[in-house]
Every structure is written in structure tokens, then in C-alpha cells.
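Each chain, letter by letter, is given below.
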Amino acid sequence: MDIDARTKLLLKDDFNRLKGKKIVVIGLGGVGSIIPIVLVRTGIKKLVIIDKDKVEASNLNRQMAYTLKDIGKYKSDALKEKLFEIQDDIEISNYAKSIDDNFDFLTLQDADYIIDCIDDLNAKVKIAKFAFNKNIPLIASLGMGNRIDPSEVKITKLNKTFDDPLARKFRYLLKKENIDISKIDVAFSFEKPIIKDKTISSIAFAPNSAGLNIASYVIKRIIGW
């Protein structure tokens with residue numbers, strides 16, 4: 001049985017370029033939870049997954065990795081279990097930690113790609129600074145709340161974003177750190193936000209579209225497409 005048989009038909013010899021690549025996914029919520037699942041199904045064998053939160057009932061409307069039986073578990077633990085149900089020859093390091101001054105970034109220094117799917121701005125800046133200082137490719141997700149159209153989610157550069165408070169603050173903070181925002185890859189929704197309440201709403205379509213776009217982009221970058 002070859003789980004990767006259909007993938008190899010599409011990628012051909014480029015499939016071998018995925019071997020040994022280590023990808024870090026930080027934030028396992030609406031955008032991030034689907035990414036490790038897709039990467040493992042595509043042939044990635046080494047992952048680091050990080051999220052400080054536990055699964056809540058309110059997550060289940062959009063976070064594809066989790067089900068009712070996962071409520072109360074740390075997201076990184078629940079997702080690790082799911083990944084081993086898909087492939088059994090993988091290496092998964094999981095951490096239920098915040099990205100703050102106490103986080104040991106040395107655990108990420110041998111990564112081949114870092115994917116940032118969190119909405120904590122200070123943490124996003126720390127991740128970007130680390131990736132740039134270590135010359136590790138980085139892609140970050142921006143705001144997917146208050147949006148419903150998956151077709152409006154694209155991969156672009158941070159300096160090309162607009163009408164997104166998270167992106168605006170992220171741009172500002174990175175400029176203060178002298179990081180070139182024209183070199184930051186991001187998943188961004190071009191859809192005008194739908195504001196109906198003070199609380200940010202979220203539904204499955206845009207976040208998972210962002211996750212799929214990011215996973216596809218990372219795979220294509222690794223194999224050189």
C-alpha cells in the first residue's frame with residue numbers, strides 16, 4: 001500500500017524533494033489546524049506544531065482537525081493524534097506553549113519553513129524576526145474573521161495588504177524592526193469584512209481557504225514550482 005501513490009503521479013520526481021523537510025506550524029486554529037493535515041497527506045514527514053490553547057466547542061464550526069471528543073484537549077495533542085491516524089512514518093514535535101519571551105526558538109532553528117497562523121501581534125513579530133535572522137522561509141496568515149468567500153483568499157506580500165487591522169499593525173511593527181515587509185509572504189483576504197457585531201465572527205470558508213493556500217504555496221516553494 002502506497003499512501004503517496006496519487007501524489008507521486010502529479011509531482012513525479014519533485015516528490016522526492018519533500019523528503020527530510022521540516023515544517024513548523026504555529027497556531028492550530030481556524031487557519032492552522034488544516035495545514036499539518038494537508039502537509040502530511042502530501043508527503044511531509046517532519047512537523048513541529050505549536051499552540052497554547054485547548055479545543056473548545058466554539059472551535060468546531062471552522063477548525064477542521066477537531067471533533068467533539070477533542071474538547072478540552074490541547075490542540076497540539078489532539079492534532080498530533082489525528083496526524084498519526086493518517087500516516088504512521090512521520091515525526092511530530094508538539095508544544096502547548098505561547099510564543100513569548102520564554103519560548104525557546106532554538107527548537108525551530110533547523111526548520112525548512114515556518115508557517116505563522118496566530119493573531120497575537122507581538123508573537124507574530126517575534127516569529128518574523130527569528131525567521132529573517134535565521135534566513136528561514138516564512139509565510140504568515142492575516143485576518144480571516146468576518147469573511148465568508150474562500151475565493152477571495154490569496155497569497156501576496158505584506159506591503160500589498162489593505163483594510164485589515166491585523167495587517168496594518170503587523171506592517172507597522174515590522175517596519176520598526178527594520179524588516180522589509182515587501183519580502184513577507186502572507187495569506188490575505190481581498191474580501192471586504194462583514195461587520196455585524198463588535199465580536200469578530202468566523203466561519204469555515206475563509207480560514208480553511210487560507211490554510212489550503214498556505215500549504216500549497218509552501219509545497220510549491222519547496223519543490224521549486
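The structure contained in this document is the topic of the report that follows. (Residues numbered from 1 in each chain as written. Predicted model: local features only at pLDDT ≥ 70, side-chain atom pairs only at ≥ 80, totals over all residues. Heavy atoms only, no water.)

### Here's the deal with the packing of aromatic side chains
Argument step 1. Summed over the entire model, instances satisfying the criterion amount to five aromatic pairs.
Argument step 2. Measuring from ring centre to ring centre gives 5.3 Å for F162 and F188, while their planes differ by 70°; the resulting arrangement is edge-to-face. One end of the pair, F162, is in the loop between strand 6 (153-157) and helix 5 (165-176); the other, F188, is in strand 7 (residues 185-189), and 26 residues separate them in sequence.
Argument step 3. By the ring-pair criterion, three or more aromatic residues cluster together here, those being F103, F105 and F130. (Phe/Tyr/Trp six-rings, centres within 6.5 Å; stacked < 30°, edge-to-face > 60°. Helix = DSSP H or I, 4+ residues; strand = E, 2+ residues; numbered from the N terminus.)

### Some details on the pattern of salt bridges
Where side chains of opposite charge bring their charged atoms close, a pairing between them can arise.
Argument step 1. Counted according to the given criterion, the structure contains 15 salt bridges.
Argument step 2. One salt bridge in this structure joins R17 and D14, with 3.5 Å as the shortest N-O distance.
Argument step 3. In this structure D14 comes out as buried when scored by relative accessible area, which is 19%.
Argument step 4. Two residues, D116 and K124, come together in a salt bridge whose shortest N-O distance is 2.9 Å. The residues D116 and K124 share a single accessibility class, namely buried.
Argument step 5. A single salt-bridge network, built from bridges that share partners, covers K69, D70, K73, E81 and K82. (Salt bridge = Lys/Arg side-chain N within 4 Å of Asp/Glu carboxyl O. Buried < 20%, exposed > 50% of the residue type's maximum accessible area, 1.4 Å probe, protein only.)

### Digging into the side chain of D185
Argument step 1. Among the secondary structure elements, D185 is positioned in strand 7.
Argument step 2. Here the side chain of D185 touches K157 through a polar contact of 2.6 Å, side chain to side chain.
Argument step 3. There is a polar contact of 3.2 Å between the side chain of D185 and the side chain of Y217.
Argument step 4. When neighbours within four sequence positions are excluded, D185 is seen to be in contact with Y113, L138, I139, A140, T156, K157, Y217 and R221. (Polar contact = N/O pair within 3.5 Å; in protein donor to acceptor, adjacent residues only side chain to side chain. Contact = heavy atoms within 4.5 Å.)

### Brief notes about a nonpolar patch on the surface
Argument step 1. A surface patch of nonpolar side chains, about 320 Å² in accessible area, is lined by I148, I194, I203 and F205.
Argument step 2. If you trace the backbone, I194 turns up in the loop between strand 7 and helix 6 (205-223). (Patch = residues over 30% accessible without salt bridge, like charges linked within 9 Å, V, L, I, M, F, W, Y side chains within 5 Å. Areas by Shrake-Rupley, 256 points an atom, 1.4 Å probe, with all protein chains shown as cover.)

### Remarks on the sheet that holds strand 7
Argument step 1. Reading across from one edge, 3-2-1-4-5-7-6 is the order of the seven strands in this open sheet, with mixed pairing throughout. The sheet terminates laterally at strand 3 (91-95) and strand 6, the two strands that pair on one side only. Each adjacent strand pair in this sheet contributes to an overall mean axis angle of 20°, direction not counted.
Argument step 2. In the packing of helix 6 onto the sheet, contacts are made with strand 1 (22-26), strand 4 (113-116), strand 5 (138-141), strand 6 and strand 7, and the angle to strand 6 comes to roughly 50°. (Pairing = 2+ DSSP bridges. Axes fitted to C-alpha atoms, helices over the stretch in contact; angles between N-to-C directions.)

### Here's the deal with the nonpolar core
Argument step 1. Counting 40 residues, the largest nonpolar core has I23, I35, L39, L83 and I115 as the members making the most contacts within it.
Argument step 2. If one sorts the elements of this core by residue count, helix 6 sits on top with nine residues.
Argument step 3. Membership of the second largest hydrophobic core comes to 32 residues, among which are I26, I179, I181 and F188. (Core = buried A, V, L, I, M, F, W, Y, C linked by side-chain atoms within 4.5 Å.)

### Considerations on unusual backbone geometry
Argument step 1. Its identity is not glycine, yet K12 carries a phi of approximately 55°, on the positive side.
Argument step 2. Accessibility expressed as a relative area gives 53% for K12, which makes it exposed.
Argument step 3. Of note, N146 is a non-glycine position whose phi angle comes to about 60°, a positive value.
Argument step 4. Topologically, N146 is positioned in the loop between strand 5 and strand 6.

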